[in-house]
Amino acid sequence: MNRTEFVIATAIILFVAFCMGWFANWLIHRFTRVSRSDVGELERMAQELHEAEETRDQAITYLQQREAELTNQLSQGEAELNAAMEGLRDARHEAEELRAYIERVHQQGQ
């Protein structure tokens with residue numbers, strides 16, 4: 001095999017390798033290509049996900065506001081309960097004093 005035959009054989013081998021690589025690349029892109037309907041479906045899903053996240057954020061905000069309102073109402077209720085208990089305690093103490101006074105007056109009258 002002389003030099004010219006070697007160069008031609010090498011060129012043919014390189015050309016066949018190039019063709020095989022190009023064909024393999026074409027096959028890969030042919031089977032992995034995303035169709036327009038798939039892209040549309042992905043965009044629709046992304047939009048729905050975005051809307052769901054917005055709805056979730058709104059729900060979280062609403063729940064936080066509602067929790068703050070309920071906490072405020074609970075605090076007010078506890079304050080009113082404490083005031084009522086204090087008033088009841090004072091009323092009981094006053095009733096005991098009146099009973100003791102009535103008893104003393106009744107005993108002095110006898």
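Residues numbered from 1 in each chain as written. Predicted model: local features only at pLDDT ≥ 70, side-chain atom pairs only at ≥ 80, totals over all residues. Heavy atoms only, no water.

Participant: Could you give an account of the overall build of the protein chain, with specific residues and numbers?
Facilitator: When you go through the protein chain residue by residue, the secondary structure sums to two helices and zero strands. A globule of 110 residues ought to have a C-alpha radius of gyration of about 13 Å, yet the protein chain, at 46 Å, is considerably larger. Overall, the C-alpha framework of the protein chain stretches about 150 × 30 × 15 Å when taken along its three principal axes. The buried share among the 110 residues of the protein chain stands at 0%. Only carbon and sulfur atoms are counted for the fraction: they give 61% of the accessible area of the protein chain, which is about 10,500 Å². (Helix = DSSP H or I, 4+ residues; strand = E, 2+ residues; numbered from the N terminus. Rg over C-alpha atoms; globule rule 2.2 N^0.38 Å. Buried < 20%, exposed > 50% of the residue type's maximum accessible area, 1.4 Å probe, protein only. Areas by Shrake-Rupley, 256 points an atom, 1.4 Å probe, with all protein chains shown as cover.)

Participant: Describe the pattern of salt bridges, with residues and values.
Facilitator: Under the criterion given, the structure shown has six salt bridges. The salt bridge partner of Glu96 is Arg99, with a shortest N-O separation of 2.8 Å. Remark: Arg99 and Glu96 occur in helix α2 (residues 36-109); sequence separation between them is three residues, near one turn of the helix. Beyond isolated ion pairs, a larger network of salt bridges with shared partners links Glu41, Arg44 and Glu48. (Salt bridge = Lys/Arg side-chain N within 4 Å of Asp/Glu carboxyl O.)

Participant: How would you summarise the environment of Arg30 if you had to cite specific residues and measurements?
Facilitator: Examined against the element boundaries, Arg30 turns out to sit in helix α1 (residues 3-32). By relative accessible area, which is 46% here, Arg30 ends up partly exposed. Separated by 67 residues in the primary sequence, Arg30 and Glu97 place their C-alpha atoms 99 Å from one another.

Participant: How would you summarise a nonpolar patch on the surface if you had to cite specific residues and measurements?
Facilitator: Among the surface-exposed residues, Ile8, Ile12, Phe15, Val16, Phe18, Met20, Trp22, Phe23 and Trp26 lie close enough to one another that they form a single nonpolar patch of about 1,000 Å² accessible area. Assignment of secondary structure puts Phe23 in helix α1. Using a relative accessible area of 43% as the deciding quantity, one classes Phe23 as partly exposed. (Patch = residues over 30% accessible without salt bridge, like charges linked within 9 Å, V, L, I, M, F, W, Y side chains within 5 Å.)

Participant: Tell me about the environment of Gln58, and name the residues and values.
Facilitator: Mapped onto the fold, Gln58 is located in helix α2. The spacing of Gln58 and Thr4 is 54 residues in sequence and 78 Å in space, taken between C-alpha atoms.

Function cannot be inferred from these measures alone, as they are strictly geometric.
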